[in-house]
Amino acid sequence: AYTFTIMLSVCANLILKENQQLRFDNARMLFQKCCDSGHVNDHVLWKLKLTVNEAEYHQLVGAGVETKAADLDPSWSRTVTMNRRSGDNRNNNWSRNRGRNRHM
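Note that this is a predicted model, so its numbers are computed, not measured.

> Talk me through the pattern of salt bridges; I want residue IDs and the actual numbers.
Think of it this way: side chains of opposite charge can pair up when their charged atoms draw near. Taken as a whole, this structure holds one salt bridge when the rule is applied. Of the charged contacts in the structure, one is a salt bridge between Asp25 and Arg28, with a shortest N-O distance of 3.1 Å. Of this pair, Asp25 and Arg28 are both found in helix α2 (residues 20-37), three residues apart, which corresponds to roughly one turn of the helix. By relative accessible area, Asp25 is classed as partly exposed at 28%. With relative accessibility at 38%, the residue Arg28 sits in the partly exposed group.

Structure (structure tokens):
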């Protein structure tokens, strides 16, 4: 899921909002690949919301922007662990510990 969130961020940050069709086409391609590989989680959905407008989001997800990954087609999240799917990142120390001196 991490790769898909990064790529959706690239679309949101580097493709101008004025070029909405290009943003949507890229977001659709990435989201479809994410669904096909079973990596949809709440963070992917959040990044998708930042990339496309609400109507496009509904077209891609088939639900409103407040929907959680756990409420969508289970095959879309089949490789996501339960604690990640619910947004619990306590076991994900990468971002919390990044940059800290681990030899203290």
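Right, picking up where we left off after that structure.
> Tell me what's going on with α2, and back it up with residues and numbers.
If you check α2, its first and last C-alpha atoms are 25 Å apart, about what 18 residues at 1.5 Å a residue would give, namely 26 Å. Looking at α2, one finds that the buried residues are Arg23, Phe24, Ala27, Leu30, Phe31, Cys34 and Cys35. Looking straight down α2, one finds its buried side chains confined to an arc of 140 degrees; they lie on one side. Tucked inside the fold, the buried residues of α2 contact α1 (2-14), α3 (42-51) and α4 (54-61). Among the residues trailing α2, Gly38 stands out with phi positive, at a value near 75 degrees.

> So what about the packing of α1 against α2? Which residues, and what values?
Between α1 and α2, the shortest axis-to-axis distance is 10 Å and the interhelical angle comes to 175 degrees. When the interaxial angle is binned, α1 and α2 end up roughly antiparallel. Of α2, the residues touching α1 (which contributes Phe4, Met7, Leu8, Cys11 and Ala12) are Arg23, Asn26, Ala27, Leu30, Lys33, Cys34 and Ser37. Looking at the contact of α1 with α2 residue by residue, the class counts come to eight nonpolar, two polar and two charged.

> Let's hear about α3: which residues, and what values?
Each full turn of the α-helix corresponds to 3.6 residues, which orients residues three or four apart in the same direction. Within the span of α3, buried status applies to Asp42, Val44, Leu45, Lys47, Leu48 and Thr51. The N-cap residue of α3 is Asn41: its side-chain oxygen and the backbone nitrogen of His43 are 3.0 Å apart.

> Could you give me a rundown of a nonpolar patch on the surface, with the residues and numbers involved?
Residues Tyr2, Ile6, Met7, Val10 and Leu14 make up a contiguous nonpolar surface patch of about 500 Å² in total accessible area. Following the sequence through the fold, Val10 ends up in helix α1.

> With reference to specific residues and values, describe the packing of α2 against α3.
Their axes nearest at 10 Å, the elements α2 and α3 cross at an angle of 165 degrees. Classed by the angle they form, the pair α2 and α3 counts as roughly antiparallel. Considering how the two elements wind past one another, α2 and α3 form a crossing that is left-handed. Listed contacts from α3 to Gln20, Arg23, Ala27, Phe31 and Cys34 of α2 are Val44, Leu45, Leu48, Leu50 and Thr51. For the contact of α2 with α3, the residue count by class is seven nonpolar, two polar and one charged.

> Describe the confidence of the model for the protein chain, and please don't skip the residues or the numbers.
Per-residue confidence for the protein chain gives a mean pLDDT of 84; residues scoring 70 or more make up 78%. Overall, residues 84-104 carries pLDDT values under 50, and its contacts beyond four positions in sequence, including any with other chains, amount to 16 contacts.

What counts, and at which threshold
- Residues numbered from 1 in each chain as written.
- Predicted model: local features only at pLDDT ≥ 70, side-chain atom pairs only at ≥ 80, totals over all residues.
- Heavy atoms only, no water.
- Salt bridge = Lys/Arg side-chain N within 4 Å of Asp/Glu carboxyl O.
- Helix = DSSP H or I, 4+ residues; strand = E, 2+ residues; numbered from the N terminus.
- Buried < 20%, exposed > 50% of the residue type's maximum accessible area, 1.4 Å probe, protein only.
- Expected span 1.5 Å × (residues − 1).
- Arc of directions from axis to C-beta.
- Contact = heavy atoms within 4.5 Å.
- Axes fitted to C-alpha atoms, helices over the stretch in contact; angles between N-to-C directions.
- Parallel < 35°, antiparallel > 145°, perpendicular 65-115°, else oblique.
- Nonpolar A, V, L, I, M, F, W, Y, C, P; charged D, E, K, R; others polar.
- Polar contact = N/O pair within 3.5 Å; in protein donor to acceptor, adjacent residues only side chain to side chain.
- Patch = residues over 30% accessible without salt bridge, like charges linked within 9 Å, V, L, I, M, F, W, Y side chains within 5 Å.
- Areas by Shrake-Rupley, 256 points an atom, 1.4 Å probe, with all protein chains shown as cover.
- Left-handed = near helix turned anticlockwise from the far one by under 90°.
- pLDDT = per-residue confidence, 0-100.

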